[in-house]
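# Per-entry structural report
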Amino acid sequence: MTLSELQTSFEQAFGKQAEKIFFAPGRVNLIGEHTDYNGGSVLPCALSFGAWLLLRKNDDGVLRFRSLNMKETYSIQLSAIKPQPNRAWCNYALGCIDIIGQRHPEAKLTSGYDLLYYGNVPAGAGLSSSAAMEVVTARAFTEELSAVCYQQSDDKAYRTELAKISQLCEQQYAGVMCGIMDQFASAQGKKDHAIHLHCDTLEFEHVPVKLDGIKVVITNTHSPHHLDSGAYNDRVRQCQTALEQIRKVRPINYLAELTPEDWQEVEQAITDPIAKKRAHHVVGEVARTAAAVEALKQGNIAYFGELMTASHVSLRDDYEVTGPQLDALAEAAWQVEGVLGSRMTGGGFGGCTVSLVKDEAIESFKAFVGKEYEAKTGLKADFYVAEIGDGVTRLR
Ligand code: ADP
Ligand code: MG
């Protein structure tokens, strides 16, 4: 969809041209899975696909929401801004507008807006179409309402504030108690760079990803299974058990403080065999993420790919969050000549894998992985060849 096609759609919906157009990307996590709540870091990047927002002030005192991806439309009076029932999609936008007002009292919403969204991130696949929608809204309305955070000169601090607004929106308006990685990646993304983020302190570094002749290929399981809150909470608890038992022999605050060498010394303190496997993944994944950052800095994409594959094996065998669909995709990918690495990305069970594939191998990758996947699971996979893009921006 081109910008002029989007403009045409806006005119058809609202009868006038849009005043401004914004874009925010979806994201994929390259490595560092299930490390964030254990004090570790993550390594996501922003994608070249995401969510667009076209807007125009109106004189009606109403927020009108339309999306080219959804049939439902919403008209919300300015005096009635609150979470909408029945998982209304407008919550991902309305919440950001509300939270800007809560965090920045100077940014008063005094007029209505006509708003048109369009997204090309597959929704619900774990590539954060929701974060893209939130961040694009936070970007647009901090500017429209002249919030102080928009006027300040520190662009990184501004983008971090956009991520916080968006995370609070997801928590308060969509009811998802998410961490900040997705919104942070969408706000702080940088073309051809990954974001090495410490989720607890929000310290981060852009790390160059030099993919000469290699592409990031994302494969969608289209599996109905997802990491549900029960399985997620189990993992959090099992890590906590391991941490408590390790503390009897070593005073640490987080599992992420342990190196693989430390692990040899402390593992016998963990009596619960499941907790031991979970902690083993975390310690290994934290080390792999650090090694992956170094590999990127040295331009060693081949080693980076090996670390991705090792990450999947650990998530499969120790953390047990892959499941047959993600395993079928990754295991097929590993067999293809020209694949440097492949792993599940996101919480697990469903969603997507991320693979590094040489340009000349992309067609055979799609054909082989697609065929193997369908034979093993009866499902059809989808492939997206992604570029690593910039964070949220105003286009017009
Ligand atoms: P993910 O973030 O992994 O794609 P979520 O379930 O968190 O999946 O978010 C998907 C939801 O976000 C959709 O069901 C919809 O409510 C909303 N959404 C995302 N993109 C759009 C869009 N372009 N237009 C309207 N709603 C959208
Ligand atoms: Mg989401």
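Placed above this text is the structure.
Structural notes, computed from the coordinates.

Here is what the cut-offs are and how they apply
Sequence positions are assigned chain by chain, starting from 1 and proceeding in written order. Following the order in which they are written, the chains are lettered starting with A and the ligands numbered starting with 1. Totals for whole chains, interfaces and linings use every residue, but because this is a predicted model, local features are given only for residues with pLDDT of at least 70 and side-chain atom pairs only at 80 or more, for both listing and counting. Side-chain calculation: all heavy atoms of the structure are included, whereas hydrogens and water are not. Runs of E in the DSSP output that reach at least two residues are strands. Runs of H or I that reach at least four are helices, and both are numbered from the N terminus. Expected span of a helix: the number of residues minus one, times 1.5 Å. Throughout this description, buried means an accessible area under 20% of the type-specific maximum (1.4 Å probe, protein chains only), exposed means over 50%, and partly exposed covers the range between. It suffices for a single heavy atom of a residue to lie within 4 Å of a molecule or strand for the residue to be listed as near it. Here a polar contact means two N or O atoms within 3.5 Å. Within protein one must be a hydrogen donor candidate and the other an acceptor candidate, and residues neighboring in sequence count only if both atoms are side-chain atoms. For every accessible area listed, the method is Shrake-Rupley and the probe measures 1.4 Å; residues are considered covered only by the protein chains on display. Each pair of strands is called paired provided DSSP finds at least two bridges between the two strands. What makes a nonpolar core is a set of buried Ala, Val, Leu, Ile, Met, Phe, Trp, Tyr and Cys residues whose side-chain atoms join them at distances within 4.5 Å.

## Remarks on helix α7 (residues 229-247)
Taking 1.5 Å of rise per residue, the 19 residues of α7 would be expected to cover 27 Å, and the 27 Å separating its terminal C-alpha atoms lies within 8% of that figure. Along α7, the residues that are buried comprise Ala-231, Arg-235, Gln-238, Cys-239, Ala-242, Leu-243, Gln-245 and Ile-246.

## A word on the site of ligand 1
As a matter of local geometry, ligand 1 sits amid 18 residues, with Ser-67, Asn-69, Gly-124, Ser-129 and Ser-130 nearest to it. Note that a nitrogen atom of ligand 1 is positioned 2.9 Å from one of the side-chain N or O atoms of Asn-69. For ligand 1, an oxygen atom lies 3.1 Å from a polar atom in the backbone of Gly-126. In isolation ligand 1 offers 570 Å² of accessible surface; the protein chains occlude 79% of this area. Per-element tally for the shell around ligand 1: the top contributor is helix α3 (residues 129-144), with 3 residues.

## Digging into the pairing of strand β4 (residues 62-67)
With 4 bridges joining them, β4 and strand β5 (residues 74-77) adopt antiparallel strand pairing. Opposite Arg-64, over in β5, you have Ser-75 as the bridge partner. Hairpin connection between β4 and β5: a loop of 6 residues separates the two successive antiparallel strands. Bridge analysis of β4 against strand β6 (residues 112-119) gives 5 bridges, and the strand direction is parallel. Paired with Phe-65 across the two strands is Leu-115, which belongs to β6.

## Looking at the pairing of strand β8 (residues 204-208)
As paired elements, strand β7 (residues 193-198) and β8 share 5 bridges and run antiparallel to each other. Bridge assignment links Ala-194 to a residue of β8, and that residue is Val-207. In sequence, β7 turns back onto β8 through a hairpin of 5 residues, with Leu-202 there showing a positive phi of about 65°.

## Here we look at the nonpolar core
The biggest cluster of nonpolar side chains holds 49 residues, and the ones touching the most others in it are Leu-55, Phe-65, Leu-115, Tyr-117 and Phe-141. Per-element tally for this core: the top contributor is α3, with 7 residues.

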